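Given next are the chains, with one letter for each unit.
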Amino acid sequence: MLIEVSQAVWVHTLPPPGVDTLAAPPGEINTEGILTFFASKIAPILLAVLGVIFIGRASRGEVSRVLTSSAIAIIGLAFIAGAATLLVVGDSLIKLVFK
């Protein structure tokens, strides 16, 4: 497990007590690990790339395009958050119905 410290220095730490760090049993996919990887590694890189693109466009005077692209990105993030919320609500309903 890695924790980011200021100025891009990475420090290895042990997980907190009680956290299960074992791999998923054979035949199962560790979806929690995949989501954690994407949230901690891939998403920040993609956001940084978008930021560089937006800054480049804004410096050329294309502020309206930057604002439009930013609004589209924010709406996309809202849809992703909504989908995650629906998954949680759906899981709760399924557990309630088939209990």
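My aim in this report is to walk through the structure given alongside it, one point at a time. These figures come from a predicted structure and were not determined experimentally.

Quick notes on a nonpolar patch on the surface
Then, in step 1: There is a patch of nonpolar side chains on the surface, built from Val89, Leu93, Ile94, Leu96, Val97 and Phe98 and spanning about 660 Å² of accessible area.
Then, in step 2: Here Leu96 lies in helix 2 (residues 63-97).

A short note on the pattern of salt bridges
Then, in step 1: A complete count under the given rule lists three salt bridges for this structure.
Then, in step 2: When the shortest N-O distance is used, the salt bridge between Arg60 and Glu62 registers 3.9 Å.
Then, in step 3: Accessibility expressed as a relative area gives 60% for Arg60, which makes it exposed.
Then, in step 4: The salt bridge involving Glu62 is made with Arg65; its shortest N-O contact spans 3.8 Å.
Then, in step 5: On the basis of relative accessibility, which here comes to 23%, the residue Glu62 falls in the partly exposed class.
Then, in step 6: Each of Arg60, Glu62 and Arg65 takes part in a single network of salt bridges with overlapping partners.

Focus: helix 1 (residues 31-59)
Then, in step 1: In a regular helix each residue adds 1.5 Å, so 29 residues correspond to 42 Å; helix 1 covers 40 Å between its end C-alpha atoms and thus fits that length.
Then, in step 2: At the exit of helix 1 stands Gly61, carrying a positive phi of roughly 90°.

With respect to the packing of aromatic side chains
Then, in step 1: Scanning the model with the defined rule gives one aromatic pair in all.
Then, in step 2: A ring pair is formed by Phe37 and Phe38, whose centres lie 5.9 Å apart and whose planes are at 70°; its orientation type is edge-to-face.
Then, in step 3: Relative accessible area serves as the criterion here: at 44%, Phe37 is assigned to the partly exposed category.
Then, in step 4: For Phe38, a relative accessible area of 44% puts it in the partly exposed group.

Scoring rules and cut-offs
Residues numbered from 1 in each chain as written. Predicted model: local features only at pLDDT ≥ 70, side-chain atom pairs only at ≥ 80, totals over all residues. Heavy atoms only, no water. Patch = residues over 30% accessible without salt bridge, like charges linked within 9 Å, V, L, I, M, F, W, Y side chains within 5 Å. Areas by Shrake-Rupley, 256 points an atom, 1.4 Å probe, with all protein chains shown as cover. Salt bridge = Lys/Arg side-chain N within 4 Å of Asp/Glu carboxyl O. Helix = DSSP H or I, 4+ residues; strand = E, 2+ residues; numbered from the N terminus. Buried < 20%, exposed > 50% of the residue type's maximum accessible area, 1.4 Å probe, protein only. Expected span 1.5 Å × (residues − 1). Phe/Tyr/Trp six-rings, centres within 6.5 Å; stacked < 30°, edge-to-face > 60°.

Spatial relationships are all this shows, so hold off on functional conclusions.
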